[in-house]
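Below are the chains, spelled out letter by letter.
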2 protein chains.
Amino acid sequence: MSTFKPLDPLLHSQLRLAVMSLLIGLDEAEFTFLKEKTESTAGNLSVQLDKLEKAGYIKIEKSFRDKRPLTTCSITSLGVKAFEDYVENLKNYIS
Amino acid sequence: MSTFKPLDPLLHSQLRLAVMSLLIGLDEAEFTFLKEKTESTAGNLSVQLDKLEKAGYIKIEKSFRDKRPLTTCSITSLGVKAFEDYVENLKNYIS
DNA sequence: TAAATAGGTTTATTTTATAAACTACTTTAC
DNA sequence: GTAAAGTAGTTTATAAAATAAACCTATTTA
């Protein structure tokens, strides 16, 4: 019953989990928005977004707005699945 | 509302969380029991139990049974509180 | 045109998690 | 009785992660 399934290390990280939590409820989100909501530093966020993208959990699109760089993120279906699995597994630990 | 409260780093670790999860439902638990249930190595478990003890989240008692060393762990009230807080904070991330 | 700001990335440092090696003692097999 | 294997861990070393600091490029403001 309450066996401890391994927790996806990519999601078992405060910042990456917060990012995924935000993205799962949104169509897309900008870098600065994620930075503000998670209260993270740009450097840390940049690194963690990279990891999520490399895992295929999010998609990152780079463009320009008003001549400035704009990074927009969105969750992928793989990311949604991973997040849901993570939450499901986590329940064994906290209930 | 859904602001991301920091997650106690001492509990945001798969093995330590599993240990706390087990201990919160038990009066006490032996080292070998925790090792089996969490499927961890003795070395890793030993290190993580130390950290939980140093944080005051668990109490570790050492004795002998049948001439062999016996390590018994139990959760403290501080540990219960920390676990409950952790779970409460975590909900912001996963719901 | 110099300084400040925006929007990041890269590199370096610190912290963690984990595994490997070791210790100390006990039991079993020869 | 002694060598080998097993029990119950601890300590040390290594790998991986999180985080912070420094940096970069371009833009805006003074």
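Higher on the page you've got the structure.
A quick note: this is a predicted structure, and the numbers were derived from the prediction, not measured.

> So what exactly am I meant to see when it comes to the pattern of salt bridges here?
Close approach of charged atoms lets side chains of opposite charge pair. Tallied over the full model, the rule gives 10 salt bridges over all chains. The partner of A:Arg65 in a salt bridge is A:Glu30, with the nearest N and O atoms 3.0 Å apart. Taken together, the residues A:Arg65 in strand 2 (residues 58-65) and A:Glu30 in strand 1 (residues 29-30) connect sequence positions 35 residues apart. Exposure remark for A:Arg65: the relative accessible area of 41% places this residue in the partly exposed category. Residue A:Glu30 is classed as partly exposed on the basis of its relative accessible area, which comes to 24%. The salt bridge partner of B:Lys59 is B:Glu61, with a shortest N-O separation of 3.8 Å.

> Mind showing me how you'd approach the sheet that holds strand 3 (residues 68-75) of chain B here?
Sheet strands line up and pair through hydrogen bonds in the backbone, either parallel or antiparallel. All names here are of chain B. Pairing within the open sheet is antiparallel, and its three strands lie in the order 1-3-2. The two strands at the open ends of the sheet, each matched to only one other strand, are strand 1 (29-30) and strand 2 (58-65). Looking at chain direction, strand 1 and strand 3 are connected through two bridges and run antiparallel. In the sheet register, Glu-30 faces strand 3, and the bridge partner there is Thr-72.

Parameters at a glance
- Residues numbered from 1 in each chain as written.
- Chains lettered and ligands numbered in written order.
- Predicted model: local features only at pLDDT ≥ 70, side-chain atom pairs only at ≥ 80, totals over all residues.
- Heavy atoms only, no water.
- Salt bridge = Lys/Arg side-chain N within 4 Å of Asp/Glu carboxyl O.
- Helix = DSSP H or I, 4+ residues; strand = E, 2+ residues; numbered from the N terminus.
- Buried < 20%, exposed > 50% of the residue type's maximum accessible area, 1.4 Å probe, protein only.
- Pairing = 2+ DSSP bridges.

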